[in-house]
Amino acid sequence: MNTIIKKERLSEQVLRYRIRSPKIAAKRKAGQFIILRADEDGERIPLTIANANPSEGWIEIIFQIAGHGTKDLAALNEGSKVPDIAGPLGRPTHIAKYGRCICIGGGVGVAPLFPIVKALKESDNDVTVVIGARSEKLIILEEDMKLFSNHLHIATDDGSRGTHGFVSDVFNTLWDKGERYDFAVVIGPPVMMKVTSTLTVKQGIKTFVSLNPIMIDGTGMCGGCRVTVFGETKFGCVDGPEFDASGIDWDEMIRRLGAYRDFEHNYTHTHQCKILEQETPRSKK
Amino acid sequence: MEEKKSQLRAERVKMREQDPLIRKKNYLEVPLGYSEEEAVREAKRCLQCKKPLCVDGCPVNIKIPQFIALIAEGKFAEAAVKIKETNALPAVCGRVCPQEEQCEIKCVLGKKGSSIAIGNLERFAADYERENGKVAVPEMKPSNGKRVAVVGSGPAGLTVAGELTREGFSVTIFEALHLAGGVLVYGIPEFRLPKEIVRKEIAYLEKLGVTIVRNFIVGRTATIDDLFKEEGFHAVFIGSGAGLPVFMNIPGENHIGVYSANEYLTRCNLMKAYKEDSHTPILRGKRVVTVGGGNVAMDSARSALRLGADESIIVYRRSRDEMPARKAEIHHAEEEGIVFNLLCNPVSIGANEKGFVNKIQCIQMELGEPDESGRRRPVPKKDSSFDIACDVVIIAIGNKPNPLIKDTTPDIQITKWGTIQADEKDLRTSKKYVYAGGDIVTGAATVILAMGAGRTAAQTIKKDLLG
């Protein structure tokens, strides 16, 4: 259990691991995530389950190397075990036959979007997928998305592939052409989710986003992942990770994500030995 | 006669403690333990009452005079065995139990002199056994083929497991976190309960045959019904604890730097964020305000000092006498220089342009008529608001039961407070062969009460499964 069966590089900073995890593979539903530690002293980090195969007993995660946890995770190889994996966590996506769905993913947010796209398609929806990235090399899961969508659009910031612009531009173009949708899912970097979902919500489309607040335990016990939705405090790990986009206090959520920026920054510098600065208690007679 | 009088008036042997100015910067324990000589001297003060009131005061009725007598005779390892007949984790209880409210307060010597330091002696015996490699393996009954699942590896779960494994049951504990121990590892700080001790106690249980599965969330990885139908267990004990933080719902509570005590302590204790090279971050505030007056608030405020705070301040809406924390912990906190702003309640929390906490606005309180808890209700004083500059705020006003089990087990009855309904005497729940105990039943309480519940539940399970 927890052995990495397959390790793939999807783009320079983005990796996909297939991990042996029969119990989680059996129980997991689209939208749920795991919390893992890549190292004995590692940080607990949440990652969406991008795919799973219950009969073969594996799950897949896709992650971008960003801080400690993901850096340590990236250093593991096929055959190694991930020390701790807990899940499946979070409320699953509410999948139904909505009619016409538009699923918009930005950057590595395309990974958590994939299981939802698959589940919506398998529930008889007409699924439009829009995926975007900074440039062509950073587009991921295009082939997987093609298999489960009726229409697929690509956008790149630098125009190296598809529409030269943002996923929100693609949505606006589709809307202006008269395309209409009953349900929208938007997943990606927080600012992208804020901007894009604001557009879909404005057009009256029921929109869900998958939030990625900082988490520690993932079971609702500490409140570190709290977000304000429709004026109430909700926990991202047990009430979410998906929420109705129209109720989210985006600015607060984005601010809270910056809590440990200094800490992450310091980690990337060389370690400075502090052993001589440590005080040891002296017993008094 | 004179000798007897002087024995009655004799002072208890004080346990040496780390100096406050030194200890507020380290994570070592405050009390330093008794030497063998000190332990024997204190044990000999015990009158060995024919009708020991102390035993009634103990939530698990430890055979107190008997274990004390063994210490007095120099039979330290035997004393530990005697305690373990009723209390599976004496090294833990000897450190965290509020003995001053349970056994010691009943001691007859306390009337005119000073009560026997029962807690100190319990700790001494447990530490002696562990440190001298004299941990005895108890008599184990042969396997009876029955399998019991325990949800949660906190004090309640560990106790159920310890009891049932000795009775021949095959026990598996399912723990959601990556380390076992529950509140013993994530909640109680290193300087009150060294994790090495918890690790050894858990290793002892595994040696007795208990299986502990970590990273397994009952309610998600498997439901309780799955445990019966798919995993083949015959009984399930729920010891999932009071792991749901309570917030004040005041403006500004979501600013960066406002933590629930659970988060602050989990980062510090479980994830060891206090270590310089930790991979888990924690904001090391220079001026930390902790809201609350219980043991968790004391733990948070004292941890803040050790994390480098120049000032650690408690804000509590009632007076010192009403603080629910152990007197010993309040005393330790005061010695370490923690400032107590009593009769003071937060109103809102302010932040700078970047969203980081920079102050907490409070209002002064005065005591009015008693409320439901019997304590005088605090009432705000008009025009008395003031700001406390700070960079970290810890909300330590209580914990409620974690709802995951109740949300995923629709046929289990719960109370209006969200706790699991369990019969007071036998701890059976409304679901057949499902039992519950500890904070998930009582709401946030103590380690020893959870352990007492563990014993009761184990006895009921034994009766129900073996007849």
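Definitions and cut-offs
Residues numbered from 1 in each chain as written. Chains lettered and ligands numbered in written order. Predicted model: local features only at pLDDT ≥ 70, side-chain atom pairs only at ≥ 80, totals over all residues. Helix = DSSP H or I, 4+ residues; strand = E, 2+ residues; numbered from the N terminus. Rg over C-alpha atoms; globule rule 2.2 N^0.38 Å. Buried ≥ 20, exposed ≤ 12 C-beta atoms within 10 Å, placed from the backbone. Contact = placed C-beta atoms within 7 Å. Pairing = 2+ DSSP bridges. Axes fitted to C-alpha atoms, helices over the stretch in contact; angles between N-to-C directions. Arc of directions from axis to C-beta. Core = buried A, V, L, I, M, F, W, Y, C linked by C-beta atoms within 7 Å. Domains from an automatic or database assignment. Nonpolar A, V, L, I, M, F, W, Y, C, P; charged D, E, K, R; others polar. Left-handed = near helix turned anticlockwise from the far one by under 90°. Parallel < 35°, antiparallel > 145°, perpendicular 65-115°, else oblique. pLDDT = per-residue confidence, 0-100.

Turning next to the overall build of chain B. Across its full length, chain B carries 19 helices and 15 strands. Over its C-alpha atoms chain B spans a radius of gyration of 23 Å, differing by no more than 12% from the 23 Å that the globule rule assigns to 467 residues. Seen along its three principal axes, the alpha-carbon backbone of chain B occupies a region of about 70 × 65 × 50 Å. Counting the 467 residues in chain B, one finds 52% classified as buried. Contacts spanning at least 24 positions in sequence make up 69% of the contacts within chain B whose residues lie at least 6 apart.

The next subject is the sheet that holds strand 15 (residues 242-244) of chain A. Residue and element names in this part refer to chain A. Strands sit in the order 10-9-8-7-11-12-15 across an open sheet of seven strands; the sheet is mixed. The sheet is open, and its two borders are formed by strand 10 (163-164) and strand 15, each paired with just one other strand. In the packing of helix 3 (residues 110-122) onto the sheet, contacts are made with strand 7 (100-106), strand 8 (126-133), strand 11 (183-187) and strand 12 (206-210), and the angle to strand 7 comes to roughly 165°.

On to helix 16 (residues 327-335) of chain B, then. Residues and elements named next belong to chain B. Listed in full, the buried residues belonging to helix 16 are Glu329, Ile330, His332 and Ala333. Across the axial projection of helix 16, the buried residues extend over an arc of 160°, all falling on one side. In helix 16, those exposed residues whose orientation departs by more than 90 degrees from the buried face are Lys327 and His331. Structurally, helix 16 contributes buried residues whose contacts are with helix 15 (295-306). Once helix 16 ends, the next one or two residues include glycine 337, with phi positive near 95°.

This brings us to the nonpolar core. All names here are of chain B. Grouped together as the largest cluster of nonpolar side chains are 221 residues, with contacts concentrated most on Phe237 and Val393. Take this core: its biggest share by element is nine residues, from helix 19 (residues 447-466). Those residues in contact with phenylalanine 237 that lie beyond four places of it in its chain are Val148, Val150, Val151, Gly157, Val160, Tyr435, Ala457 and Ile461.

Residues and elements named next belong to chain A. Here six strands make up an open sheet; going across it, the order is 1-2-5-4-3-6 and the pairing antiparallel. The open sheet has two edge strands, strand 1 (4-11) and strand 6 (84-89), and neither has a second partner. This sheet shows a mean twist of 30° between the axes of neighbouring strands, independent of strand direction. Examined bridge by bridge, strand 1 and strand 2 (residues 14-20) share six bridges and lie antiparallel to one another. What sits directly across from serine 11, in strand 2, is valine 14. Packed on one face of the sheet, helix 3 meets strand 4 (45-53) and strand 5 (58-64) and runs near 40° to strand 4.

Let's shift gears to the domain arrangement of chain B. Quite often, the size of an interface is put as the accessible area lost when its parts meet. Residues and elements named next belong to chain B. Partitioning chain B into domains gives domain 1 (2-131), domain 2 (147-243 + 401-466) and domain 3 (244-399). Here the C-alpha centre of domain 2 lies 28 Å away from the C-alpha centre of domain 1. For the side of domain 1 that touches domain 2, the class distribution of residues is 13 nonpolar, one polar and three charged.

This part takes up helix 5 (residues 64-72) of chain B. All names here are of chain B. What helix 5 keeps buried is the set Ile64, Phe67, Ile68, Leu70 and Ile71. Taken down its axis, helix 5 places every buried residue within 155° of arc, on the same side. For helix 5, the elements touching its buried residues are helix 3 (36-44), helix 4 (53-57), helix 6 (76-84) and helix 9 (118-131). Following helix 5 by one or two positions, glycine 74 has its phi on the positive side, about 80°.

Moving on to the interface of chain A and chain B. Taken together, the contact pairs 35 residues of chain A with 31 residues of chain B. Elements with a contribution of two residues or more to the side of chain A that touches chain B: helix 1 (22-27), strand 6, strand 13 (226-229) and helix 7 (250-257) of chain A. It is strand 6 of chain A that provides the largest number of residues to the side of chain A that touches chain B, a total of six residues.

Here we take up the pairing of strand 11 (residues 357-370) of chain B. All names here are of chain B. Two strands pair when backbone bridges link them, and strand 10 (residues 344-351) and strand 11 are joined in this way by seven bridges, in the antiparallel orientation. Looking at the pairing, alanine 351 lines up with valine 357 of strand 11. A loop of five residues connects strand 10 with strand 11, the two strands running antiparallel in sequence, and glycine 355 in this loop sits at a positive phi of about 90°. Between strand 11 and strand 12 (residues 376-389), which follow one another and run antiparallel, lie five residues, and glycine 374 among them has a positive phi close to 90°.

Between glycine 87 of chain A and proline 88 of chain A the backbone carries a cis peptide bond, its omega angle lying at 0°. Tracing the backbone shows proline 88 of chain A in strand 6. With omega at 10°, the peptide bond leading from glycine 240 of chain A into proline 241 of chain A counts as cis. Within the element layout of this structure, proline 241 of chain A appears in the loop between strand 14 (232-235) and strand 15. Despite not being glycine, leucine 141 of chain A has its phi angle at roughly 60°, a positive value. A residue is classified by how many C-beta atoms lie within 10 Å of it, and leucine 141 of chain A, with 23 of them, is buried. Not every positive phi belongs to a glycine, and asparagine 249 of chain B is a case in point at roughly 60°. Considering the arrangement of structural elements, one finds asparagine 249 of chain B in the loop between strand 5 (244-245) and strand 6 (258-260).

Below, the discussion takes up the packing of helix 10 (residues 155-166) of chain B against helix 19 of chain B. Residue and element names in this part refer to chain B. Between helix 10 and helix 19, whose axes approach to 7 Å, the crossing angle comes to 35°. Helix 19 is crossed by helix 10, and the crossing has right-handed handedness. Of the residues in helix 19, those touching helix 10 at Pro155, Ala156, Thr159, Val160, Glu163 and Leu164 are Val447, Ala450, Met451, Ala453, Gly454, Arg455, Ala457, Ala458 and Ile461. By residue class, the composition of the contact of helix 10 with helix 19 is eleven nonpolar, two polar and two charged.

Here we come to the packing of helix 3 of chain B against helix 9 of chain B. Residues and elements named next belong to chain B. Two elements in contact, helix 3 and helix 9, have axes whose closest approach is 10 Å; the angle formed by their N-to-C orientations is 135°. The pairing of helix 3 with helix 9 is recorded here as oblique in orientation. Between helix 3 and helix 9 lies a crossing of left-handed hand. Between helix 3 and helix 9, the residues in contact are Ala39, Glu42 and Ala43 and Asn120, Leu121 and Phe124, respectively.

For the rest of this paragraph, the subject is the confidence of the model for chain B. In this model, chain B carries an average pLDDT of 93, and 99% of its residues clear a pLDDT of 70 or more. At the level of chain-chain contacts, confidence expressed as ipTM amounts to 0.90, with global pTM at 0.92.

Time to look at the domain arrangement of chain A. All names here are of chain A. Taken domain by domain, chain A comprises domain 1 (4-89) and domain 2 (100-257). For domain 1 and domain 2, the distance between their C-alpha centres works out to 21 Å. Across the boundary between the two partners, domain 1 contributes 18 residues, which contact 18 residues of domain 2. Mapped by element, the contributors of at least two residues to the side of domain 1 that touches domain 2 are strand 1, strand 3 (33-37), strand 4, strand 5 and strand 6. A per-element tally of the side of domain 1 that touches domain 2 places strand 4 first, with five residues. In the side of domain 1 that touches domain 2, the residues fall into eleven nonpolar, five polar and two charged.

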